[in-house]
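What follows is the residue order along each chain.
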Amino acid sequence: MSSNSPRSIASPYASVVVDAGQRSPTKGRSAWEPLRQPMFRLFWIASLASNLGTWIHEVGAGWLMTTLDATPEMVAAVRTSMALPIVFLAIPAGVLADRIDKRHLLIGTQSILLIVTAMLAVSTATGVITAWGLLAMTFVIGLGMVVHVPTWQSAIPELVPRWQISRAVGLGSISFNLARAVGPAIGGILIALLGIWSTFAINAISFAGVLTVLIRWKRNTTETSRGRSFFSSMRQGIRYVVWKRTMRHVMLGVVLFVLPGSALWSLMPLYAKTALGWGAQGFGILVAMIGVGAVLGASMLPRVRSRLGSDRTIAAAMTLYAIGMLALSAEPAWPILLAATLLMGCGWMATLTTLNATAQITLPRRLRARGMGCYLTMMAGSMSLGSFVWGQTAGAIGMSGAMLASGITMIFTALISLLFPLAASLDDA
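Because the structure is a prediction, the values reported are computed rather than measured.

**Here we look at the overall build of the chain**
When helices and strands are counted, the chain shows 12 helices and 2 strands. Along the chain, helices and strands appear, N-terminal first, in the series β-β-α-α-α-α-α-α-α-α-α-α-α-α. Here the chain, with 429 residues, has 58% of them falling under the buried criterion. Look at the contacts in the chain between residues 6 or more apart in sequence, and 84% of them connect residues 24 or more apart.

Printed below as a string of structure tokens:
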């Protein structure tokens, strides 16, 4: 169904014909309203299962590397190897998603991810996995994700009216963070009871669930090249992102936040094991608290954003994240530690949800996958560079020193972000 065609929205709150490009009706503005769309609801449930599998997998991969090679550089390299394909290939993947049927593309990528994660589970269970083997398989998973993510995200506006896009993106964040709250704890329990291999097996099963939903998805539209060559389409997408002021500021916002913020994710497994002396379960609890903070933040974000606006909300969220990082650098007692991770979850969710929703609302349908490819490239590039920088920094000045430097840097980037305001209003979508 074209995103520009009228749609009939059936709900107890409103029964009207709404054009997807118009503002929403005065009623039916619940944050959960997109779940009334049957196909979006199935997508959301599948996404929740997939995110759960991903976070269980993340715990397993990070902890596996600490048993294979516990240096800060190699532990940080796990995340870097996942991000590198997105850095170099997210934009070409977005071009594919704007030219090839999204359903077929998603089925193909999910099949690849299912096979590779199953292979990782088997090689870990049999004890043949090595540190470099883990990085290689993680890199291949990154290749599959680089096609999947922009295609999946660009499909969201097909499943809901335009005025529900920001809520649909918000529900995606809730799905992600609910999984992050529960997944790491499950991962820690699985490692303790069954072994690390089980975390990869669960992720493989989650990919099978997503495949089931994709097979049921019957689209009324398909993509076209519009007579452009592959490279001409790529240039068109990049040119739009560069020249559209709102998109340009979204990209800068991603760099300003993710570059210093990546220290947490790249160093957390080693921080839990060496600085805190915790096992896999303790590491899972830390990541789960970040997820809980993100879910709490999601419930408050609409009200905060309506009072502060998108720009000041982002700056405030980045400051909360910086405060949490500074607290972690002191290796505090566990109540302060858990409170700090809660704050960081709020900050992470609020910042990236606002930036992501702004991008999806700003991008026209024909360029959406390419634009989201640019967004993901900027995010993965910042994550990859940040993981490398903070891994090297931790190796040079220690874990606490690296986290202190990250928190101080984030305070400065929060202030700088106010110089690049977002023009798009999320309240009108």
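**Quick look at helix H11 (residues 368–397)**
In this model H11 runs 42 Å from its N-terminal to its C-terminal C-alpha over 30 residues, within 8% of the 44 Å that 1.5 Å per residue would give. Within H11, 21 of the 30 residues are buried, which leaves it mostly tucked inside the rest of the structure. Remark: Gly 398 follows H11 within two positions and exhibits a positive phi of approximately 95°.

**Looking at empty space enclosed by the protein**
Per the stated rule, a full pass over the model turns up 3 cavities of 30 Å³ or more. What the second largest cavity holds in volume is close to 80 Å³. Contributing to the lining of the second largest cavity are His 249, Gly 253, Leu 256, Asp 311, Ile 314, Leu 355, Ser 417, Phe 420 and Leu 422. Mapped by element, the contributors of at least two residues to the lining of the second largest cavity are helix H8 (245–275) and helix H9 (280–329). Looking at which element gives the most residues to the lining of the second largest cavity, the answer is H8, with 3 residues. Class assignment for the residues of the lining of the second largest cavity results in 5 nonpolar, 3 polar and 1 charged.

**Notes on unusual backbone geometry**
Positive phi, close to 50°, is recorded for Glu 331, a residue that is not glycine. Since its relative accessible area comes to 37%, Glu 331 is described here as partly exposed.

**Quick look at the environment of Arg 167**
Assignment of secondary structure puts Arg 167 in helix H5 (residues 165–193). It is 8.5 Å that separates the C-alpha atoms of Arg 167 and Ala 357, two residues lying 190 residues apart in sequence.

**Notes on the packing of aromatic side chains**
Counted by the stated rule, this structure contains 6 aromatic pairs. Summarising the aromatic geometry, the rings of Trp 55 and Trp 265 are spaced 5.6 Å apart at their centres and angled 55° between planes, so their arrangement reads as tilted. With a gap of 210 residues between them, Trp 55 in helix H1 (residues 38–68) and Trp 265 in helix H8 connect regions that are remote in the sequence. Chaining the aromatic ring pairs together yields one cluster made of Trp 55, Phe 257, Trp 265, Tyr 321 and Trp 348.

**Overview of a positive patch on the surface**
A cluster of basic side chains, namely Arg 228, Arg 235, Arg 239 and Arg 366, defines a positive patch on the protein surface. The residue Arg 235 is located in helix H7 (residues 230–243) in this model.

**Regarding the packing of H7 against H11**
With their axes 9 Å apart at the nearest point, H7 and H11 run at an angle of 65° to one another. Relative to H11, the element H7 lies roughly perpendicular. H11 is crossed by H7, and the crossing has right-handed handedness. Only Arg 370, Gly 371 and Cys 374 of H11 make contact with H7, whose side of the interface consists of Ser 233, Gln 236, Gly 237, Ile 238 and Val 241. Residue composition of the contact of H7 with H11, by class: 3 nonpolar, 4 polar and 1 charged.

The rules behind each value
- Going along each chain's sequence as written, the residues are numbered from 1 onward.
- At least 70 in pLDDT is required for a residue's local features to be given in this predicted model, at least 80 for side-chain atom pairs to be given and counted, and no such filter applies to totals for whole chains, interfaces and linings, which use all residues.
- Side-chain measures were taken over the full set of non-hydrogen atoms in the model, leaving aside hydrogen atoms and water.
- Strands are runs of DSSP state E lasting at least 2 residues, helices are runs of H or I lasting at least 4, and numbering of each runs from the N terminus.
- Note on exposure labels: buried denotes an accessible area under 20% of the residue type's maximum, exposed denotes more than 50%, and partly exposed covers the range between, all computed with a 1.4 Å probe on protein chains only.
- Residue contacts are defined here by distance: any two heavy atoms, one from each residue, within 4.5 Å place the two residues in contact.
- Multiplying one less than the number of residues by 1.5 Å gives the expected span of a helix.
- Only protein atoms enter the 1 Å grid used here, on which a cavity is any set of points holding a 1.4 Å probe that cannot leave and a pocket is any open set flanked by protein within 12 Å on both sides along at least five of seven lines; residues with an atom within 4 Å of a point are listed as lining.
- Grid points are joined across faces, edges and corners, and a volume is the space filled by probe spheres set on the points.
- Ten residues, namely Ala, Val, Leu, Ile, Met, Phe, Trp, Tyr, Cys and Pro, are considered nonpolar, four, namely Asp, Glu, Lys and Arg, are considered charged, and the remaining ones, Gly among them, are considered polar.
- Think of it this way: a Phe, Tyr or Trp ring, Trp meaning its six-membered ring, pairs with another when their centres are within 6.5 Å, and the plane angle makes it stacked under 30 degrees, edge-to-face over 60, tilted otherwise.
- Patch criteria: residues need more than 30% relative accessible area and no salt bridge. Like-charged residues are merged within 9 Å; nonpolar side chains of Val, Leu, Ile, Met, Phe, Trp and Tyr are merged within 5 Å.
- In short, Shrake-Rupley with a 1.4 Å probe defines the accessible areas, and a residue's cover is counted only from the protein chains shown.
- The salt bridge criterion pairs a side-chain nitrogen of Lys or Arg with a carboxyl oxygen of Asp or Glu, the two atoms within 4 Å.
- For this count, His and the chain ends are skipped, Lys and Arg are scored as positive, and Asp and Glu as negative.
- Just so you know, the charge point we use is NZ for Lys, CZ for Arg, CG for Asp and CD for Glu.
- Axes here mean lines fitted to C-alpha atoms, for a helix over just the part in contact, with angles spanning 0 to 180 degrees between N-to-C directions.
- Orientation is classified from the angle alone, with under 35 degrees giving roughly parallel, over 145 giving roughly antiparallel, 65 to 115 giving roughly perpendicular, and any other angle giving oblique.
- Crossings are assigned a handedness: left-handed for a near helix turned anticlockwise from the far helix by less than a right angle, right-handed for a clockwise turn.

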